[in-house]
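Summary of the model geometry
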Amino acid sequence: MTKQLWAPWRLEYVGSANEQDGCILCRANEGDDEEGLVVRRGKHAFALLNRFPYASGHLMVAPARHVGELTDLEDVEVLELHRLAGQGLGALAETYGPQGFNLGWNLGRIAGAGVTDHVHMHIVPRWAGDTNFMPVLADVKVLPEHLTESRRKLADAWPA
Ligand SMILES: [Zn+2]
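Residues numbered from 1 in each chain as written. Predicted model: local features only at pLDDT ≥ 70, side-chain atom pairs only at ≥ 80, totals over all residues. Heavy atoms only, no water.

1. Focus: the coordination of the zinc ion
- Donor atoms from the polypeptide that coordinate the zinc ion comprise Cys23 (SG), Cys26 (SG), His66 (ND1) and His118 (ND1), at 2.0 to 2.3 Å from the metal.
- For the zinc ion, the donor residues sit on a single chain with the sequence spacing C-x2-C-x39-H-x51-H. A residue pair is termed long-range when its members are at least 10 positions apart, and cysteine 26 in helix α2 (residues 24–30) and histidine 66 in the loop between β3 (59–63) and α4 (75–96) qualify at 40 residues.
- Its relative accessible area of 41% is what places histidine 66 among the partly exposed residues. (Donors = N, O, S within 2.8 Å, 3.2 Å for Na, K, Ca; no water. Helix = DSSP H or I, 4+ residues; strand = E, 2+ residues; numbered from the N terminus. Buried < 20%, exposed > 50% of the residue type's maximum accessible area, 1.4 Å probe, protein only.)

The following block contains the structure:
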C-alpha cells in the first residue's frame with residue numbers, strides 16, 4: 001500500500017461539498033475572524049485555517065482578491081502572500097513545534113483543488129511518522145471548538 005505524504009486535496013473535497021453559498025475564501029475574507037477562521041489579515045492577502053485540516057495548524061494563504069489564475073496575481077499580492085506564508089511558519093513553529101512543512105498550490109480540480117477559482121497556498125506542518133495517522137485524521141470530524149482554539153493560538157503567536 002502506498003503511503004501518501006502530501007494529499008490535502010482529500011480534505012478540500014470535503015470542503016467543496018458545501019459551495020452553494022459562493023466562494024468560501026471570499027466569505028472568510030469578508031466575515032469576522034472567528035467565523036472564517038482567519039488568523040491574519042494583510043492589505044492584499046490573508047491567512048486562515050483550513051476547516052478540514054490535514055494536520056493540526058493546516059493553514060492557507062490567499063489573495064484578498066478573487067483570482068483564479070496564479071499568473072494573474074499582482075506583484076504586491078505575490079509579495080504579501082509569501083510574507084504571510086513565512087510568518088505563518090513562524091507562528092506554527094512556536095505553537096505546534098513541527099519538524100517540517102509542506103507548502104504548495106493545488107491548481108485545478110484534477111490537481112486536487114477544492115476551491116478552483118480563488119488561488120490559495122497550503123501550509124501543512126509535518127512530524128516524523130505523521131503519514132501513519134493522517135489518513136485516519138482525515139475521516140475524523142474536526143470540532144469547531146478545536147479550530148477556534150487553534151485560530152486564537154496562531155493569531156497570538158503570529159510574528160509582528
Ligand atoms: Zn473568492
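Text resumes after the structure shown.
2. Let's talk about the pairing of strand β2 (residues 45–49)
- Most of β2 sits out of view: five of its five residues are buried.
- Here β2 shows a buried face lined by Ala45, Ala47 and Leu49 and a second buried face lined by Phe46 and Leu48.
- The pairing of strand β1 (residues 38–41) with β2 spans three bridges and is antiparallel. Bridge pairing links arginine 41 to phenylalanine 46 in β2.
- Here β1 hands over to β2 after three residues, the two strands then running antiparallel side by side.
- Both β2 and β3 contribute to a ladder of five bridges, which runs antiparallel. Pairing of alanine 45 across the sheet is with proline 63, part of β3. (Pairing = 2+ DSSP bridges.)

3. A word on the environment of aspartate 32
- With respect to the element layout, aspartate 32 can be found in the loop between α2 and α3 (33–36).
- A polar contact is formed between the side chain of aspartate 32 and the backbone nitrogen of glutamate 34, at a distance of 3.2 Å.
- Among the polar contacts made by the side chain of aspartate 32, one reaches the main-chain amide nitrogen of glutamate 35 at a distance of 2.7 Å. (Polar contact = N/O pair within 3.5 Å; in protein donor to acceptor, adjacent residues only side chain to side chain.)

4. Some points on the side chain of histidine 120
- In this fold, histidine 120 is placed in the loop between β4 (100–105) and β5 (121–126).
- Engagement of the side chain of histidine 120 in a polar contact is seen with the backbone oxygen of histidine 118, the distance being 2.9 Å.

5. A look at the environment of glycine 108
- Within the secondary structure, glycine 108 is located in the loop between β4 and β5.
- Between the C-alpha atoms of glycine 108 and valine 119, which are eleven residues apart in sequence, the distance is 9.4 Å.
- Every residue in contact with glycine 108, bar those within four places of it in the chain, is listed here: Ala113 and Thr116. (Contact = heavy atoms within 4.5 Å.)

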